[in-house]
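Letter by letter, the chains look like this.
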Amino acid sequence: MKRPITSAQRFLVGRKLDNFDVDRLASDLSGLIRQETQRSPKKAERLAARFVDRARPHNGILLSTALRTFGWTQHVRGKYAAARDAYLEARKLLARDPVWRARVDLILIDVFMYLDNTSEARSRYRSALRTFERLGDKVQAARTRANYANLLHRQDRHVDAARLYKKALNVLEATDDQRSLAVCRYNLANTLVQTFDFDGATRLHLKAEEGFRTLGYDLYANECRYGLAWLQMLQGNYHHALTGLADCETYYQQAGQHKGAMLCQLDRAETYLALNLFTDARNAARAAERTARKLKLKYEAAKAGLFQAKALLSVGDVPSGKRALQRAGEGFREADNPSFQAVVGVMSALAASGDKTQRSELLKARESLTRTQLPLWEAIADLELLSLYPDADSIRQRLGRNRAVKAVPHLFAAWQTVLGDRLHRLGRKADARRHWIKAAEKMDAVRVKLPPAEVRSFLSRRRNDPYLRLVSDLTDDNPQEAAVWSERHRTAGLWTPVGSDSRRVHDDLSELAQQVSSLATQVDGKTTRGGVNPGLQPRRVRDLQTRVIRGLREIQSSSKTRVTEQANLRSAFAKVSERLPVFQVHMDGRDILTFVHSRGETRCHRHVEGRERLRRYEGLLQLLLGRAVHSGGCSSPFDPEEEAGLFAEMGDWLLGPLKEITRSREILILPEGELSNFPWQALIVDGKPLAEITSVIVNPSLRHFLNAISIDLPDRTVDVFVGNTEGLSASNDELAVFHNNAEWKVTCHERCGRADWPLEGSSGVWHYLGHAQYRSDNPIYSSLQLSDGPLFAADFRLRQNRVGLVTLAACRTGQQSYMPGEESTGLVRSLLEMGARNVIASHWAVDDASTALWMRTFYTSYLKNLTVHQSTREAALAVRERFPSAFHWAAFSVFGAGRE
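Q: Give me the lowdown on the side chain of H607, citing residues and values where you can.
A: Relative to the elements of secondary structure, H607 occurs in strand 3 (residues 601-607). For H607, the side chain forms a polar contact with the main-chain oxygen of W653, separated by 3.5 Å. In this structure H607 touches D591, I592, T594, W653 and L654, once residues within four positions along its chain are discounted.

Okay, here's the thing in structure tokens:
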């Protein structure tokens, strides 16, 4: 049944109305359009324009209402010049009515604020407030103060703004004006965030959102959700913040509210900066700046320039960073915002060259900040100053009083770290450690909430790293405790899939695979198992990658990952070392520390200047392995004795002081940094490669090993996945070992696609044969090349499979991306966290013929019930007999449990 057409709707479509009540019609039309604004501001704008056209012949109250309504829609749409013109025209029509004139002035406070005309905004505030106070209208006076508080808030005078909001709120709470009450609560919440009263801000945002939803003001309710996302960012809940901002931005875009979408981009840039994802931060800030300039929002454009500057300076692009800073400074001056002009001064000081110049400019900028109400930036400046003046009591006292330092995780961690540094210089080691532990605990609480789509150890890349201090300080006195802190430094814990619906992310990954596949241009060579290289990534691919990461964040939101207690890790090291020795590597500045855990005891050896020596060995190793690849026509032919000499020298250097651990039947290696991609089984000790002496198990961390050994061995089934095998002439020989087996149930997926890989369940063996691609720039997109496109490491993070053994017979599948203080990731880690008990993967671009021989020998033993260790050793020795270079026989390592 159709609803009857109202008089207001009939008026808008041009129908004639007889004997209508002008006041009633004006009110109905205004209400209709304002309500539509909450659903579709763009449609509301069109209706308001029609209202003005239809009202002009009538003049009077109908036209003034139409103009005010049109001004409102322009205000919501961010078209402030048009809003100003409409309101001023309405004010002329209402010149003889002081109340309505004051009401228009009340709204013009906001309009002139966004036009960066602060003097006119103040003038309108004084005019409206005088009128309402003279008439004794406390409610309208309260609304006027609230609107003026908006101006103070925009100028970053947050304490002053909060005072006015609270005064207005006391009056509005006694009225039935639920809209004004909700708006005031929302605005007060935003100022409390800036003064770091997070609990108060959260309560007010939730109350305001409830009020808006009750009124049917969905757009305003979204504003509250946006505010809560920003609050999550400041509290270090970055995955919730990014997910919330993305949802809000989508809503704004669908509603045609470009200003709101731009603000979400701006806050996303700030979140990326906190995560040290500088490229993402720069891109988000650039997009925000373009929109802000289009909307003629000088303050927002300046802030976007500031975030771009921070991102650019962080990656060493000083010229571009300084240009962005200059734009930001000019924008804040035009917007009459001295607070952020001082912030630009801080950033300029940090970008200055020369210690003396930097100190001078930083002191000057910090002095400017004392006249602002920006505790977060005061803390940033003071932390920088404290690094320059470590014994300055006044700076430490200021930081101790700063609410931002106690509320924002990375500021708290930096503050506790520098406090520990000072105490350590004074010889108070125990007190210093207590501060460093506080910092590390705070950082772990943030890191554990971030999925591998982000860098969970992002804080470790900051100058103030408490983990490294604890490791270095404890090494001599308590090596076991130092080793535990090294484990915590390398990872905050495992990220495992959860039971939430991940279909949308799977669909996005499938679409991304199709796009990447269409860009493939070449294969790395006919005799290696390298993958296809994607061409230049168009925007479509980048957008899909962003959607995938967002989806991973949403799934991670319900993850049950927790920080592992120090005592539990200490006990785990002792327990594991009773069964097998653990060789743990830690990069300590220029040195390399090697911890050995054996029979419940821990000791450490320091390789002084080890990083430099390792770099030299890496260069020699690449040269020798390169000769092995091209031994047929290389001007410097492969020399087995030269290669053996290098591995013997490296073995003596790394394992010589601790070589007794190699007498065990097996050894667990926890590498770090450059050693994450090292062929450990090729090291020579006492004249023999480790592959002949012991069984080597490699893992990203102790916790990955513990998780792997907890996985039960599934049934005797084998799934063989044959991907893109172009140019791999030996692939049929490799497959023969499975076809000739009668004891295991073998399913072969020829020319397999993405859909052939199960999303859940269990299997004894997954074997992949084909090409693969390693992405050092973004390891969650390292992939296996299938018939319908790549299967990414990110795909495995969505699966819930328990697999006894996953073998990746392709190039560089075991390579891990690493940076100083950053946990490694890639295909291996994704598979281990999916539920694989063991993973066999390669260190480099492997040879087709030697890989086929390795695999045939391995599976001939393994499918006859030999262990992974025994089968791996036989495979390595068989290949070594025919192909003497480690390039061939040491190309594959075992990750995970490494036992059965």
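Further notes follow.
Q: I'd like to hear about the pairing of strand 4 (residues 666-670), residue by residue, with values.
A: Of all five residues in strand 4, five are buried; the element is thus mostly enclosed. Across four bridges, strand 4 lies against strand 7 (residues 695-698) in parallel orientation. Bridging from a neighbouring strand, L668 pairs with I697 of strand 7.

Q: Hey, could you go over unusual backbone geometry for me, with residue numbers and the actual values?
A: With phi around 60°, D116 is a residue other than glycine that occupies positive phi space. Structurally, D116 is set in the loop between helix 6 (98-114) and helix 7 (118-135). Of note, the phi angle at R599 is positive, near 55°, even though the residue is not glycine. On the secondary structure map, R599 appears in the loop between strand 2 (591-598) and strand 3.

Q: Explain the pattern of salt bridges to me, using residue names and the numbers behind them.
A: Throughout the structure, instances matching the rule amount to 49 salt bridges. The residue R398 makes a salt bridge to D382 at a minimum N-O spacing of 2.6 Å. A residue pair is termed long-range when its members are at least 10 positions apart, and R398 in helix 21 (residues 393-401) and D382 in helix 20 (residues 375-388) qualify at 16 residues. Overall, D382 belongs to the buried group, its relative accessible area being 1%. R797 serves as the salt-bridge partner of E833, at 2.7 Å between the closest nitrogen and oxygen. Placement of E833 in helix 36 (residues 827-834) and of R797 in helix 35 (residues 793-797) is noted, with a sequence separation of 36 residues between them.

Q: Give me the environment of R547: which residues, what numbers.
A: Relative to the elements of secondary structure, R547 occurs in helix 28 (residues 539-556). Considering only alpha carbons, one finds R547 and D508, 39 residues apart in sequence, at a separation of 7.1 Å.

Q: Tell me about helix 23 (residues 409-425), residues and numbers included.
A: Taking 1.5 Å of rise per residue, 17 residues should cover 24 Å, and helix 23 covers 25 Å from first to last C-alpha, within 8% of that figure. Taking burial as the measure, the 17 residues of helix 23 include 14 buried ones, the bulk of the element.

Q: Let's hear about the sheet that holds strand 2: which residues, and what values?
A: Across the sheet, which stays open at both edges, the 11 strands sit in the order 3-2-1-4-7-18-17-14-10-8-9 with mixed pairing between neighbours. Where the open sheet ends on each side, the last strands, each with one partner, are strand 3 and strand 9 (745-749). Neighbour-to-neighbour, the strand axes of this sheet turn through a mean angle of 25°, independent of strand direction. Direction of pairing for strand 10 (residues 760-769) relative to strand 14 (residues 800-809): parallel, over a ladder of nine bridges. Pairing of S762 across the sheet is with R802, part of strand 14. Helix 37 (residues 848-862) rests against strand 10, strand 14, strand 17 (836-842) and strand 18 (892-896) of the sheet, and its axis sits at about 135° to strand 14.

Q: Provide a residue-level description of the sheet that holds strand 12 (residues 783-786), including the pertinent values.
A: The strand order across the open sheet built from three strands is 11-12-13, with neighbouring strands paired in antiparallel fashion. The open sheet is flanked by strand 11 (772-773) and strand 13 (789-792), the only strands paired with a single partner. Both strand 11 and strand 12 contribute to a ladder of two bridges, which runs antiparallel. Paired with Q773 across the strands is S783, a residue of strand 12.

Q: Go over the nonpolar core, please, and point to the residues and values.
A: The biggest cluster of nonpolar side chains holds 132 residues, and the ones touching the most others in it are F212, L306, L376 and W377. The element that contributes the greatest number of residues to this core is helix 12 (residues 218-234), accounting for 11 residues. Setting aside its immediate chain neighbours within four residues, L306 contacts L325, A328, F340, V343, V344, M347 and W377. Counting residues in hydrophobic clusters, the runner-up holds 90 residues, among them I592, Y768, F796 and F858.

What counts and how
Residues numbered from 1 in each chain as written. Predicted model: local features only at pLDDT ≥ 70, side-chain atom pairs only at ≥ 80, totals over all residues. Heavy atoms only, no water. Helix = DSSP H or I, 4+ residues; strand = E, 2+ residues; numbered from the N terminus. Polar contact = N/O pair within 3.5 Å; in protein donor to acceptor, adjacent residues only side chain to side chain. Contact = heavy atoms within 4.5 Å. Buried < 20%, exposed > 50% of the residue type's maximum accessible area, 1.4 Å probe, protein only. Pairing = 2+ DSSP bridges. Salt bridge = Lys/Arg side-chain N within 4 Å of Asp/Glu carboxyl O. Expected span 1.5 Å × (residues − 1). Axes fitted to C-alpha atoms, helices over the stretch in contact; angles between N-to-C directions. Core = buried A, V, L, I, M, F, W, Y, C linked by side-chain atoms within 4.5 Å.

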